[in-house]
Amino acid sequence: MDPPSMWRATTVQACGLWPFAAGSGAPMSGVPLGRHLYTGATVCGDPLSWFTRAHYISNPSLFMLGMPGLGKSTLINRMLIGLAATGVVPLVLGDLKPDYADTVRALGGQVISLGRGVGGINVLNPGAMGAAARRIGGEAGRVLAAETHGRVLNMVAALITIVRGRAMDDHEQSVLSAALHHLRERTPPDRQPLLPDLLRILTEGPDRVRAVTLDRGDETRYRDAVDPLHRSLLGILDGPLGDTFASETSTRIDLDATAVCVDISRIGEADTQLTAAAMLAAWSDGLGAVAASHALADAGLRPRRWFFTVLDELWRPLRSASGIVDRIDALTRLNRTLGLGDAKITHTLKDAEALGTDSDRAKARGFVERAGMVVCAGLPRQEMEELGHVVGLSRREIELVSSWSSPPGWAAHGDREEPPGRGRFLIKVGGRPGIPIQVAITDTERRLHDTNKRWAPNKPVHEKGTG
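Here, residues in each chain are numbered from 1, in the same order as that chain's written sequence. Thresholds applied to this predicted model are a pLDDT of at least 70 for local features of residues and 80 or more for the giving and counting of side-chain atom pairs; totals over whole chains, interfaces and linings are not thresholded and use all residues. Side-chain figures throughout are based on the complete set of non-hydrogen atoms in the structure, without hydrogens or water.

Undergrad: What should I look at first to understand the packing of aromatic side chains in this one?
TA: Two aromatic rings, taken as a pair, are described by how far apart their centres are and by the angle between their planes. Two aromatic rings, drawn from Phe, Tyr or Trp (for Trp, its six-membered ring), form a pair once their centres lie within 6.5 Å of each other, and the interplanar angle then sorts them: stacked below 30 degrees, edge-to-face above 60, tilted otherwise. One pass over the structure, following the stated rule, counts 1 aromatic pair. Aromatic pair Trp50 and Tyr56: ring centres 5.3 Å apart, planes at 85°, arrangement edge-to-face. Whether a charge sits over a ring depends on NZ of Lys or CZ of Arg being within 6 Å of the ring centre and within 35 degrees of the ring normal. Between the NZ or CZ atom of Arg210 and the centre of the ring of Tyr222, over which it lies, the distance is 4.3 Å.

Undergrad: What is the right way to look at unusual backbone geometry in this model?
TA: Negative phi is the rule for most residues except glycine; trans is the rule for most peptide bonds. For the bond from Lys97 to Pro98, the omega torsion is 0°, close enough to zero to count as cis. The helix and strand labels rest on DSSP assignments: H or I over at least four residues marks a helix, E over at least two residues marks a strand, and numbering proceeds from the N terminus. Positionally, Pro98 belongs in the loop between strand E4 (89–95) and helix H4 (101–106). Positive phi, normally seen in glycine, also occurs at His55, with a value near 60°.

Undergrad: For this particular structure, what's the right way to read the nonpolar core?
TA: A general trend in soluble globular proteins is that nonpolar side chains are found buried together. We define the nonpolar core as a collection of buried residues of types Ala, Val, Leu, Ile, Met, Phe, Trp, Tyr and Cys that are connected through side-chain atoms lying within 4.5 Å of one another. Relative accessibility decides the category of a residue: with a 1.4 Å probe and only protein chains considered, values under 20% of the type maximum give buried, values over 50% give exposed, and everything between is partly exposed. Of all hydrophobic cores here, the largest spans 99 residues; its most connected members are Leu198 and Leu387. Here this core gets 16 residues from one element, more than from any other, and that element is helix H12 (residues 272–298).

Undergrad: Explain the environment of Ile112 to me, please; I cannot follow it from the model alone.
TA: When you line up the elements, Ile112 lands in strand E5 (residues 110–113). Each C-alpha atom of the pair Ile112 and Thr251 lies 6.7 Å from the other, and the pair is 139 residues apart in sequence. Excluding residues within four positions of it along the chain, Ile112 makes contact with Thr251, Arg252, Ile253, Val260, Cys261, Val262 and Asp263. Contacts between residues were defined by any pair of non-hydrogen atoms, one from each residue, lying within 4.5 Å.

Undergrad: Looking at this model, I keep getting lost on the pattern of salt bridges. Mind explaining?
TA: Side-chain pairing between opposite charges can occur once the charged atoms of the two side chains come close. Salt-bridge detection follows one rule: a side-chain nitrogen of Lys or Arg within 4 Å of a carboxyl oxygen of Asp or Glu. Inspection of every chain in the model, using the stated rule, returns 23 salt bridges. Linking Glu385 and Arg395 is a salt bridge whose minimum nitrogen-to-oxygen distance equals 2.5 Å. Residue Glu385 is found in helix H18 (residues 381–391), and its partner Arg395 is found in helix H19 (residues 395–403); the two are separated by 10 residues along the sequence. Overall, Glu385 belongs to the partly exposed group, its relative accessible area being 26%. Judged by relative accessible area, which is 45%, Arg395 ranks as partly exposed. Within the structure, one salt-bridge network assembled from shared partners comprises Arg191, Asp197, Arg200 and Glu204.

Here it is, written out as structure tokens:
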């Protein structure tokens, strides 16, 4: 016998049919995510709605952990679609598979490809922030230009850190900052400087740069001070990053786009340096565009827009070099004041524990501790125990999420059986009890977000001239 059909309605719509209704306590503010596992009630939520309207969280950010294949990117895609319907602009800054490009296209957004022979980013180009600073002018424009310098400095330092495998020295950052200032002042307004231009400044050694090195007129002292930095920049230009970061930006982010995805899926899986650098460059460029949009809105030059950024596969840049966590922290720490929400996604907390120094590990754990929402898909018990020390999970919550990490059973007739945890998530906010949900995707979402496309057999190929 078939089960009876189930229909869902609001109390306004169905009050005459069943007047004895009582709420279940599930949050109803934000994007509809799925059903509560125990009550069946609809659960809604996203970092922006819970920060701006419901005031459930004090930081509009989400940190998601879970084993591969359990639906992490599916849930984020649901949030992208729901938030876009409210006028929020989704920004997927570094799509590795890609998981989000088709969704962004369906939303009428902009997809930018990045990689060797596909597209590049000029990290010395201040992009939307520089254009906004010139347009705004006055004191506000000067302040924005100063922020632009800091963002460019941070990005060049990140590339050097990736090439070296360790953080830059403090005095080198001072030299780099002086060289960037000098280069910006000497570059005509109708063109943007490039990394080869920065290398030329170090070679020439203008007074402004020499003063920072304390060379005291001694050429040998100057060369000793700048040669390590010089070699690292040569390593960028002549190494695996040169083709992508040594020339003009191929496609700029459109501030009027309904959604933006920076697709880096054409970068090879084993090309770890370029992958990490491309992700950081996409984050820097995207967050700079957000800052520019808000600065223009503050000046009354464009309408206010809110943004939702997706930073997927966070572990890749984290593991690329010691000290890179500082660069990520500098790029993403001020999301609340920037007027955007964000979702950071990784596999486990061990991605942070695998970093080389205690300082890096503590800063990486801070991403989880500062998140307004923590969402867990299936994770092994030991990792849930460790996460419980950071988030505050009950024994029952640990056991529940751990049960979702089990593999599927043995199908008797070769049928494809899904893992028990697919589409199941636990949402944690502070010390509140977690909300367990089940996400069921629609046919449209399934078409837009099939992460197993390459496991589907090809259609029969007919040779030309054959029947």
